[in-house]
Amino acid sequence: MSAPGTIRIVSRDSPMALAQVDRVREELAAVRPGVRTEVVPVRTTGDKWLGDLSQVDGKGAFTKEVDASLLAGEADLAVHCLKDVPADRPLPAGTVFAAFLKRDDIRDALVHPGGLTLDRLAPGTRIGTSSVRRVAQLAATHPHLRCVPMRGNANRRLRKLADGEADALLLAVSGLERIGRTDVISEVLSPEVMMPPIGAGVLALQCREGDSGLIEAVGVLGHPDTHREADAERMFLHVLQGHCNSPIAGYARVDRGGELSLSACVFTPDGKTRLNAHEWAGRLDPATLGTSVAVALLRQGAREIIDGIPH
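Just so it is clear, the structure is predicted and the values come from calculations on it, not from any experiment.

J.: Sorry, what's going on with the environment of P191 here?
T.: One can find P191 in the loop between β9 (187–189) and β10 (203–208). Excluding its chain neighbours within four sequence positions, the residues that come into contact with P191 are I106, R107, P196, Y251 and R253.

Structure, rendered in structure tokens:
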């Protein structure tokens, strides 16, 4: 089947999401110069609702409307931040991932108007974030800081910071790169200081499984190492079966020698309990590695921690 003439790309309508689509369009134009693309923006539940995501079925809050557009035939290709795509349930029936783009920075950044680093922030400093993963880790390492709930896209959070609703923010480095705002970063936090979410920095391309010409056309954008990392991380999360209030973090990494490893953690919301696991794949395939690391955490009591958190 030949590649389609025009690919309709559906995405969230936030500035960051549209910047991600632009990246896909540019990469596609470079390898498939004859293919035209057009954008189909949608407003998702997660973008419209600025309260607690668990109140609106947090899993899939940023993907349901995108999935619906794809399945209804209103678009041909969806661009997702992989971290927003639920991993404990299958993709919607009839859809597949066609490619994972080369991974961007997985780290979190501190944004402080005065340029201070995390360790120099005064007691009581208000950190704007609604991420249970970030809240738990900050509670463990910097209990003197105060997290204040803050949702919305990165541009909106930066405006809220400027309006004084918080004293500092924690945001993804990759997101700030995508909207051209790395100028606001006062410190980039290592994964050892702030473990990233599963799927951090990965853009995933999703389409209908029957569109073989499209799958072939966009498949060339896929990055093999990122694919291995994503498969390990998502299987880890699938086996763990967390919920939106579960502080879970982790990342897989392919080193320069091609060896794959996975580090992961499960926390209590107050950060006082942290379960850690790290394994090398060796001869294991990525999905088996993800399963093995999840089982290691379950043996340490991860199920009791996850099930003991209200959601």
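J.: When you look at the sheet that holds strand β7 (residues 146–148) in this model, what are you seeing that I'm missing?
T.: Two orientations exist for strands paired in a sheet by backbone hydrogen bonds: parallel and antiparallel. Within the open sheet, the five strands sit side by side as β7-β6-β8-β5-β9. Their pairing is mixed. In this open sheet, the two strands that pair with only one neighbour each are β7 and β9. Direction aside, the axes of adjacent strands within the sheet are offset by 30° on average. Bridge count for strand β5 (residues 108–111) against strand β8 (residues 168–172) is four bridges, and the pairing is antiparallel. Bridged to V111 within β8 is L169. Set on the sheet, helix α4 (residues 132–141) makes contact with β5, β6 (126–128), β7 and β8; between it and β8 the angle comes to about 125°. Docked against the sheet, helix α5 (residues 154–162) engages β5 and β8, running at close to 170° with respect to β8.

J.: Explanation requested: the pairing of strand β1 (residues 6–12) in the structure shown.
T.: Two faces, one strand: in a regular strand the side chains alternate between the faces of the sheet. Most of β1 is tucked away, with five of its seven residues classed as buried. Examined bridge by bridge, β1 and strand β2 (residues 36–42) share seven bridges and lie parallel to one another. Across the sheet, R12 pairs through a bridge with V42, a residue of β2. Handedness of the β-α-β unit built from β1, helix α1 (residues 15–31) and β2 comes out right-handed.

J.: Which parts of the structure should I look at to understand helix α3 (residues 64–71)?
T.: Turning to α3, its buried residues number three or more, namely V66, D67, S69 and L70. Each buried residue of α3 sits inside an arc of 160° when the element is viewed along its axis, so together they form one side. Elements that come into contact with the buried residues of α3 comprise β1, β2, β3 (77–81), β4 (95–100) and β10. Phi turns positive one or two residues past the end of α3, at G73, with a value near 80°.

J.: Which parts of the structure should I look at to understand the pattern of salt bridges?
T.: Pairing between side chains becomes possible if they bear opposite charge and their charged atoms approach one another. Taken as a whole and judged by the stated rule, the model has 16 salt bridges. The closest approach of N and O atoms between R103 and E233, which form a salt bridge, is 2.8 Å. Of the two residues, R103 is situated in the loop between β4 and β5 and E233 in helix α8 (residues 224–240); the sequence distance between them amounts to 130 residues. Like R103, the residue E233 is buried in the burial classification. Measuring nitrogen to oxygen at the nearest pair gives 2.9 Å for the salt bridge that ties R126 to D167. Highlighted residues: R126 in strand β6 and D167 in the loop between α5 and β8, separated in sequence by 41 residues. Classification of R126 as partly exposed rests on a relative accessible area of 22%. The structure contains a network of salt bridges with shared partners spanning R8, D76, R208 and D211.

J.: Mind showing me how you'd approach the sheet that holds strand β12 (residues 260–267) here?
T.: One open sheet holds the three strands; their spatial order is β11-β12-β13, and the pairing between them is antiparallel. Strands with a single pairing partner mark the edges of an open sheet, and in this sheet they are β11 (248–254) and β13 (274–280). When the angles between neighbouring strand axes are averaged without regard to direction, this sheet yields 10°. Two elements, β12 and β13, share seven bridges in a ladder whose sense is antiparallel. In the strand pairing of β13, C265 is matched with N276. With respect to the sheet, α8 is in contact with β11 and β12, its orientation differing from that of β11 by roughly 150°. Where helix α9 (residues 286–300) meets the sheet, it contacts β12 and β13, and its direction lies at approximately 150° from that of β13.

Parameters at a glance
Residues numbered from 1 in each chain as written. Predicted model: local features only at pLDDT ≥ 70, side-chain atom pairs only at ≥ 80, totals over all residues. Heavy atoms only, no water. Helix = DSSP H or I, 4+ residues; strand = E, 2+ residues; numbered from the N terminus. Contact = heavy atoms within 4.5 Å. Pairing = 2+ DSSP bridges. Axes fitted to C-alpha atoms, helices over the stretch in contact; angles between N-to-C directions. Buried < 20%, exposed > 50% of the residue type's maximum accessible area, 1.4 Å probe, protein only. Right-handed = clockwise from strand over helix to strand, strands pointing away. Arc of directions from axis to C-beta. Salt bridge = Lys/Arg side-chain N within 4 Å of Asp/Glu carboxyl O.

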